[in-house]
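Listed below are the residues making up each chain.
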Amino acid sequence: MTVASQELAPLFPLGGLRPETRQYLAREALEHTVGRGELVFQAGDIDDDTVYVIRGDVRCDYPDGRRTLHQADSPVHGRYPLNDAVPRRFRATVESRDARLLRLNRRQVEKLIAWDQISRQPSFRFFDERANGNDWAYRLLQAPAFSRLPTGNLERLFQAFVEQTVAPGEVVVTEGDLPGDFYVIREGTASVTKTLDGAPKVVAYLAEGDAFGEDGLLSNQPRNATVRMLQGGRLLRLSRADFDSVLKPPVIKWLLPAEAAKRAQDGAIVLDVRLPEEVAQRSITGALNVPLARLREDAPGRLPPGRPVIVYCNTGERSAAAAFVLSRLEYDVSAIHGGLAAMLRLQAQQQAMAEAAKG
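Basis of the calculations
Residues numbered from 1 in each chain as written. Predicted model: local features only at pLDDT ≥ 70, side-chain atom pairs only at ≥ 80, totals over all residues. Heavy atoms only, no water. Pairing = 2+ DSSP bridges. Helix = DSSP H or I, 4+ residues; strand = E, 2+ residues; numbered from the N terminus. Axes fitted to C-alpha atoms, helices over the stretch in contact; angles between N-to-C directions. Contact = heavy atoms within 4.5 Å. Buried < 20%, exposed > 50% of the residue type's maximum accessible area, 1.4 Å probe, protein only. Lys, Arg positive; Asp, Glu negative; His and termini not counted. Salt bridge = Lys/Arg side-chain N within 4 Å of Asp/Glu carboxyl O. pLDDT = per-residue confidence, 0-100. Core = buried A, V, L, I, M, F, W, Y, C linked by side-chain atoms within 4.5 Å. Phe/Tyr/Trp six-rings, centres within 6.5 Å; stacked < 30°, edge-to-face > 60°.

A. Fine view of the sheet that holds strand S11 (residues 190-196). What the 4 strands build is an open sheet, ordered S9-S14-S11-S12; its pairing is antiparallel. Pairing within the sheet leaves two strands with one partner each, and these edge strands are strand S9 (171-173) and strand S12 (199-206). Geometrically, the sheet is characterised by an average inter-axis angle of 30° between neighbouring strands, direction not taken into account. Bridging between S9 and strand S14 (residues 226-229) involves 2 bridges; their strand directions are antiparallel. Among the inter-strand pairings, valine 171 is bridged to a residue of S14, identified as arginine 228.

B. Region of the structure containing the pairing of strand S5 (residues 67-71). Note: strand S4 (residues 57-61) against S5, 5 bridges, orientation antiparallel. For cysteine 60, the partnering residue across the bridge sits in S5 and is threonine 68. Between S4 and the antiparallel strand that follows it, S5, lie 5 residues; glycine 65 among them carries a positive phi value of about 100°.

C. Up close: the side chain of asparagine 83. Within the fold, asparagine 83 resides in the loop between S5 and strand S6 (91-94). The residues touching asparagine 83, leaving out its near neighbours within four places in the chain, are Phe41, Arg88, Arg89 and Phe90.

D. Representation of the side chain of arginine 18. Examined against the element boundaries, arginine 18 turns out to sit in the segment before helix H1 (19-28). It is aspartate 116 that comes nearest to the buried, bridge-free arginine 18 among opposite-charge side chains, at 4.2 Å.

E. Structural detail: the confidence of the model for the chain. Confidence along the chain averages 90 in pLDDT terms, with 99% of residues attaining 70 or more. Highest mean pLDDT in the chain belongs to S6 (98); lowest belongs to helix H11 (residues 339-358) (80).

F. A look at the sheet that holds S6. Here 4 strands make up an open sheet; going across it, the order is S2-S6-S4-S5 and the pairing antiparallel. The open sheet terminates on both sides in strands that have one partner only, identified here as strand S2 (39-41) and S5. Here the strands of the sheet are splayed against their neighbours by 30° on average, with no regard to which way each runs.

G. Up close: the nonpolar core. Formed by 66 residues in total, the largest nonpolar core has its most connected members in Val311 and Leu326. Examining the composition of this core, we find that 7 residues originate from one element, helix H10 (residues 317-328), more than from any other. Those residues in contact with valine 311 that sit more than four places away from it in its chain are Leu271, Val273, Ser319, Ala322, Ala323, Leu326, Val333, Ser334, Ala335 and Ile336. Judged by nonpolar contacts, the second largest core, of 15 residues, contains Cys60, Ala72, Ala92 and Ala99.

H. Layout of the packing of aromatic side chains. Overall, the coordinates contain 16 aromatic pairs when judged by the stated rule. Summarising the aromatic geometry, the rings of tyrosine 24 and tyrosine 138 are spaced 3.9 Å apart at their centres and angled 15° between planes, so their arrangement reads as stacked. Of this pair, tyrosine 24 sits in helix H1 while tyrosine 138 sits in helix H3 (residues 135-142), placing them 114 residues apart in sequence. In terms of burial, tyrosine 24 and tyrosine 138 fall into one category: buried. Ring centres of tryptophan 136 and phenylalanine 158 lie 6.2 Å apart, and the angle between their planes is 65°; on these two criteria the pair is classed as edge-to-face. You can see tryptophan 136 sitting in helix H3 and its partner phenylalanine 158 sitting in helix H4 (residues 151-160), a full 22 residues away along the chain.

Following this line, the structure appears as structure tokens:
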């Protein structure tokens, strides 16, 4: 059910946000009605929701036997979330005839609250008072790749951005160049062109709030695409040093080889992002091969949605770039720490242990 932004105004801490921030939160909110006796969540649950009770009563049963009642019309706790602790501390069950619940993504709430506060600072350079002037920022913060960015890093990120004016037709990055800066489009649009099968081909269009330039920074390889502005506008540029210290570490989820092997046994897709020639020399048995340069274009057709993905390369550099790309495509993705060599060492150890057990 669609949620009106004014419904968020009485809720804490949403009431202190700018109206436009609440509008963006309302777009992502989910409102639904549940009947008496239905479970809202169980003690110990780990989930991503901030839950508000808009109408009705919810009984809260703690593992130690304590019991409280969360009432929507209570002046004491009606404005507050239904215990936002993770894991959940109690079992929540609808006590009244029914209850109307409002759910928001917890990380998204934190990001937008942080942006709202940061943008109020007198020294903040990027808030735009015009209607829809901050669409780029909300779109950037909603991108899956930025969902893992700790709230504390947001202020450092925006402080590190340098604004750059660009003209229509201007080439910002060129395929084959050495990796340089990371960019976010604040105003304007751009095309992304790659050399595929020997000829340049437009593979994507970028709009306000879209980012580019991370592939080369993460893989430490030359730029794999050319980005040309279609309209004049403004970019926010982040230096390589700031990208490495502020944005890169929290975005990439690394797995040790043993954990990666277990997740693969549980059904995760193992993805080799090296070139086919490298795969032919040695690889992990059963791994799917999509080279990094083709990943953005080929992933939707090659990787089933909903399944976790584990990426690897020789050392981990291309894996980091692949993980960033796939996270922006909304995959649950991790990278193997130490790359192929680490996995092969683990397999050799496991084989040696198995042979020793036989003998």
